[in-house]
Amino acid sequence: MGDVSRYVLEEAGLPDFRRSSWPGWRGRTREWELLAGLIRAARAGRGGVLLVEGQPGVGKSRMLDVAATAAEEAGLDVGRGVADELTQLIPLAPLLSALGESSRTLSRRDNANIPDPTDHRLLLLEHLQEPLEQRVAQGPLVLTLDDLHWADPMTLLALRSITRDLASYPLIWVLARTSGSGDVPRLDRLFDVLEHDGATRIRLQALEERAVADVVADVLGAAPDPDVLGLAALADGNPFLLVDLLEKLKSEGVFQVADGHARMVPARLPRARVVTQERLEGVSARTRHLLQGAGVLGRSFSVKDLAEMLGESTSGLLPMLEEAMSAGIIEAAGDELAFRHDLLWQAVVGTIPTPVRQALHRDAGDMLLKRGGSAVPAAAHLIHGASRGDASALLGLDQAAREVLRSSPQTAADLAQRALELSDLADPEWHNRAATAVDALTAIGRLPEAADLARAALSRAPPAQAPRLRCALAYILLLSGRPADSVAEAESLLTQREISDDLRGIAEWAVFWGLICLNDFGKGRLRAVAVLADRERHSDAAVVGALLLLARFAIVDGRVADSFAHLHEAVQIADGGTVEAIQRPYARLLLSLNYRAMRQFEAADIAIQAAEEEIKALGLTVLAAQPALFRSVLRLATGRLDDAAAEAQAGLMIADELGTQGFVRVGVSMLALIAMRRGDIEAAVHHIERYHSIDAAPGMLFGSVWERWVIAAVTEAQGDPEQAMDILHAIYTDKEERRWALITTPLMAAWMTRLALATANRPYAQTIVDTAESLAKNNPDFPVIATTAAHARGILHKDPGALATTADQPEPWARASGAEDLGVLLAATPGASAREQAIKSLDQALDGYQCIGALRDAARVRARLRALGVRRRHWDQSQRPAFGWDSLTDTERAVAGLIARGLTNRQAAARMFLSPHTVSTHLRRIFAKLDIASRVELACIVADESPALLRDS
């Protein structure tokens with residue numbers, strides 16, 4: 001490896017490569033260029049991701065070793081991690097290993113008595129990412145992770161998330177997998193996503209003839225003759241097999257070196273892979289048996305475990321270990337021993353008959369269980385070695401599943417389902433096992449499987465265990481977008497007297513939330529009033545559910561103040577900590593919705609921030625995407641389209657990573673509306689097509705109405721107002737839907753009035769105006785509702801006085817829209833004065849649209865001005881350029897200033913009341929606009945362009 005180190009020091013700073021390779025790693029010029037480029041980039045403050053894949057023995061591990069050694073010699077911080085078959089049940093094992101962290105840093109939470117839909121994946125990612133960000137903020141870091149085909153699901157999730165969030169740092173990832181092995185679909189998806197985000201992907205191929213000849217010369221110390229090259233061809237260009245073949249035959253005297261050439265001594269030679277087997281057969285029987293025991297323990301193993309498993313003392317193993325190391329089969333690897341290569345490990349394991357291998361796994365699992373502590377290491381063996389009805393092994397699998405349920409529900413689902421496969425129906429633990437599997441499947445979004453298993457378990461569950469399963473099923477049905485079935489299941493549970501207070505409260509809350517989803521406020525209101533009238537007999541969970549339903553009903557009934565009162569009371573009770581975790585953020589999210597609808601933007605932002613902190617602290621993965629998406633709608637309302645897009649993209653990223661597909665639809669609809677505002681109808685249509693392709697239940701509290709309006713708006717923009725009317729038919733015709741829509745999305749009042757008139761449907765327009773005015777009359781404490789109603793009334797009745805009041809709209813786009821409507825009305829009015837006022841109003845609309853980047857609307861207003869004989873420039877001074885410092889939004893400049901001052905993403909997020917995901921999204925946009933790739937470059941630009949941002953405020 002010394003040659004590699006010197007070469008790095010000599011060449012890392014040069015643009016060209018004067019040598020094709022070096023001894024021990026031939027034929028990899030392109031790969032080395034990429035590695036050296038990444039090292040140079042890290043030293044310059046830039047990050048990157050290199051993906052390496054290929055068949056066993058092709059040189060992946062060697063490449064990662066070269067990368068790590070070269071980085072160390074270049075003065076960079078380095079972390080090395082490797083996954084293997086027997087650690088893939090331990091959440092984040094390879095990453096923790098690379099970072100020098102212990103698995104004890106993972107939080108555990110067992111809650112087997114009641115259904116708990118929370119999981120700890122968000123917390124685990126934060127606990128991993130925070131120290132990693134602090135570490136890389138101190139200087140460049142190279143992380144290599146090998147054998148990712150054995151990686152656990154949490155590691156794959158972390159890689160998908162952290163590589164994006166920390167992309168602005170000088171953090172280099174070198175990730176390797178064996179092609180076609182492990183969880184192929186999940187790995188393919190990860191590698192595809194990382195490649196799409198800018199990672200470089202290498203598929204290592206077999207060595208070419210020239211490289212093979214170089215390797216032969218390296219090993220034999222002489223130029224190979226044709227017969228030697230013919231022998232080398234047996235390895236099919238596989239570097240490990242080639243070197244293994246040459247070293248084995250060299251030790252047996254097969255080669256003769258003279259006059260600088262290597263020739264063959266005639267002999268009958270086996271194929272290359274058989275040489276690997278012969279290496280094993282060349283050791284004594286006792287050593288071969290030791291290796292088989294070690295192979296069952298994994299690619300790497302501790303001498304203590306091996307001695308205990310074989311019933312030998314450590315000193316008794318020494319002769320056999322020495323022989324195995326001398327034969328080149330195992331080697332020292334830190335505090336453990338390891339097989340020199342996967343191929344050797346697989347060869348050893350392949351010599352063990354299947355029944356014997358299963359029995360050895362069972363013995364290893366039993367050994368680890370008896371030590372106490374975590375059952376997860378033992379489960380890695382038990383999952384391979386347990387037989388049907390093996391009570392002790394099944395209890396070990398149960399314990400391991402419960403341990404990882406909240407930290408890695410995918411692993412918990414695999415363990416619990418495997419335990420169920422091995423269980424007899426008469427096993428008294430079968431139902432608890434099924435309940436664990438149901439919880440795990442729910443957490444990872446495999447809802448149909450979770451529901452089927454819950455029903456199967458209910459069909460044979462004893463009375464004492466049925467309530468828990470019914471509660472779990474009710475929750476699954478809610479998440480699946482089947483509120484009616486959820487309510488029926490929860491109500492069935494509530495008819496039973498012998499259920500715990502906790503389960504009763506959860507079931508009552510499920511009923512209330514299901515009724516909210518169904519808009520069944522007749523039944524729900526009576527039930528809620530009854531609960532509040534007799535609070536002592538009901539849990540806080542039931543009371544909060546009742547208040548949320550009454551808050552929603554109050555909006556549908558047009559009573560905004562009452563809705564606020566119910567939500568404030570629900571927040572107060574939830575803050576007391578006596579309700580289920582899943583209930584706590586809903587009150588604040590609904591409160592933020594009310595504040596936004598009333599155009600109290602700062603209060604809405606504070607409520608979203610509080611809800612986000614609860615979601616993170618409580619591990620509510622199912623709600624993790626909501627805050628960013630709520631912020632996206634809020635930023636759109638304040639006229640910050642770029643920020644709205646950044647929040648929508650952050651929410652999409654979270655939802656996509658965690659599998660909460662309902663939220664993906666909300667994010668996509670937001671991007672569609674933003675694209676339409678910017679005038680990119682093609683992109684808007686693409687987003688709507690993606691929206692329709694997602695099969696998921698509604699994911700956001702106001703998603704249904706909002707999404708329908710966006711789809712209708714894009715449809716109308718394509719020139720089909722009639723179809724847009726059809727999409728919104730239910731809102732035009734249903735009183736409750738109409739009131740809910742006009743309060744929660746005030747822009748719809750004027751827009752739907754205008755659409756109805758455009759399709760010659762004046763009665764529908766009148767219905768919208770009547771509803772808006774009724775809402776204004778009943779809510780005098782919220783003048784913004786009156787302004788919204790006046791806008792719609794002015795359009796319908798062509799009332800310039802009503803339209804003039806829209807100048808008081810707190811929402812920039814609504815103000816511009818009102819000015820446009822007034823200008824259109826005045827332009828149709830005879831007289832020079834009216835024409836002058838029309839031009840003035842249209843200019844106000846044009847300025848308003850251009851200030852917020854609503855280019856489509858601005859283009860429409862310029863056309864109206866041209867019809868009046870007035871031409872305005874396409875690019876106004878207020879219009880930002882696409883690239884450069886002046887292209888940055890206010891939020892992007894604020895982020896740039898904080899990062900330039902040395903704050904981490906997490907620290908900047910806390911200062912700005914954003915999520916780290918959102919800050920990383922802003923940074924990607926900033927880097928693209930400034931054509932840079934490092935925080936160092938950003939700091940220099942900030943110092944030149946706006947030094948005031950570098951001063952602490």
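Read on for an overview of the structure. (Residues numbered from 1 in each chain as written. Predicted model: local features only at pLDDT ≥ 70, side-chain atom pairs only at ≥ 80, totals over all residues. Heavy atoms only, no water.)

## Here's the deal with the sheet that holds strand S4 (residues 171-178)
What the five strands build is an open sheet, ordered S2-S3-S4-S1-S5; its pairing is parallel. At either margin of the open sheet sits one strand with a lone partner, and together these are strand S2 (77-82) and strand S5 (200-203). Geometrically, the sheet is characterised by an average inter-axis angle of 15° between neighbouring strands, direction not taken into account. As paired strands, S2 and strand S3 (residues 141-146) are joined by six bridges and run parallel to one another. Looking at the pairing, glycine 79 lines up with leucine 143 of S3. Contacts from helix H3 (residues 60-73) reach strand S1 (48-54), S2, S3, S4 and S5 within the one sheet, and its direction differs from that of S2 by about 160°. (Pairing = 2+ DSSP bridges. Helix = DSSP H or I, 4+ residues; strand = E, 2+ residues; numbered from the N terminus. Axes fitted to C-alpha atoms, helices over the stretch in contact; angles between N-to-C directions. Contact = heavy atoms within 4.5 Å.)

## Focus on the packing of aromatic side chains
Applying the stated criterion across every chain, the model contains eleven aromatic pairs. Each ring, one from tryptophan 509 and one from tryptophan 513, has its centre 6.0 Å from the other, and the planes form 5°; the classification is stacked. Residue tryptophan 509 and its partner tryptophan 513 are both found in helix H24 (residues 501-518); the two are separated by four residues, about one turn of the helix. One exposure class covers both tryptophan 509 and tryptophan 513, and it is buried. Relative to tryptophan 709, the ring of tryptophan 706 has its centre 5.7 Å away and its plane inclined at 70°; by these criteria the two rings are edge-to-face. You can see tryptophan 706 and its partner tryptophan 709 sitting in helix H34 (residues 703-717), three residues apart, about one turn around the helix. We note that tryptophan 706, like tryptophan 709, is buried. Ring-pair connections join several aromatic residues into one group, and the members of that group are Trp509, Trp513 and Tyr586. (Phe/Tyr/Trp six-rings, centres within 6.5 Å; stacked < 30°, edge-to-face > 60°. Buried < 20%, exposed > 50% of the residue type's maximum accessible area, 1.4 Å probe, protein only.)

## Quick word on the packing of helix H26 (residues 540-556) against helix H37 (residues 735-744)
Where H26 meets H37, the axes come as close as 8 Å, and the angle between the chain directions of the two elements is 95°. The angle between the axes of H26 and H37 places the two elements in the roughly perpendicular class. Contact residues: Arg552, Ile555 and Val556 in H26; Glu736, Arg739, Trp740, Ile743 and Thr744 in H37. In terms of residue class, the contact of H26 with H37 is made up of four nonpolar, one polar and three charged. (Parallel < 35°, antiparallel > 145°, perpendicular 65-115°, else oblique. Nonpolar A, V, L, I, M, F, W, Y, C, P; charged D, E, K, R; others polar.)

## Focus: the pattern of salt bridges
Throughout the structure, instances matching the rule amount to 60 salt bridges. The shortest N-O distance in the salt bridge between arginine 535 and glutamate 569 comes to 2.7 Å. With arginine 535 in the loop between helix H25 (521-533) and H26 and glutamate 569 in helix H27 (residues 560-575), this residue pair connects regions lying 34 residues apart in the sequence. Ionic contacts of the salt-bridge type, sharing partners, join the residues Glu53, Arg177, Asp188, Asp192, Glu195, Arg201 and Arg203 into one network. (Salt bridge = Lys/Arg side-chain N within 4 Å of Asp/Glu carboxyl O.)

## A look at helix H10 (residues 239-251)
A turn of α-helix holds 3.6 residues, and therefore any two residues three or four places apart point the same way. For H10, built from 13 residues, the straight-helix expectation of 18 Å at 1.5 Å per residue is met to within 8% by its first-to-last C-alpha distance of 18 Å. Among the residues of H10, Pro239, Phe240, Leu241, Leu242, Asp244, Leu245, Leu246, Lys248 and Leu249 are the ones counted as buried. (Expected span 1.5 Å × (residues − 1).)

## Re the pairing of S1
Among the seven residues that make up S1, seven are buried, leaving the element largely enclosed by the rest of the structure. Neither face of S1 is left uncovered, since the one carrying Gly48, Leu50, Val52 and Gly54 and the one carrying Val49, Leu51 and Glu53 both have all their residues buried. Bridge count for S1 against S4 is seven bridges, and the pairing is parallel. Following the sheet pairing, leucine 50 is matched in S4 by valine 174. In this sheet, S5 lies alongside S1 in parallel orientation, the contact comprising four bridges. Note that in S5 the partner of leucine 50 across the bridge is threonine 200.

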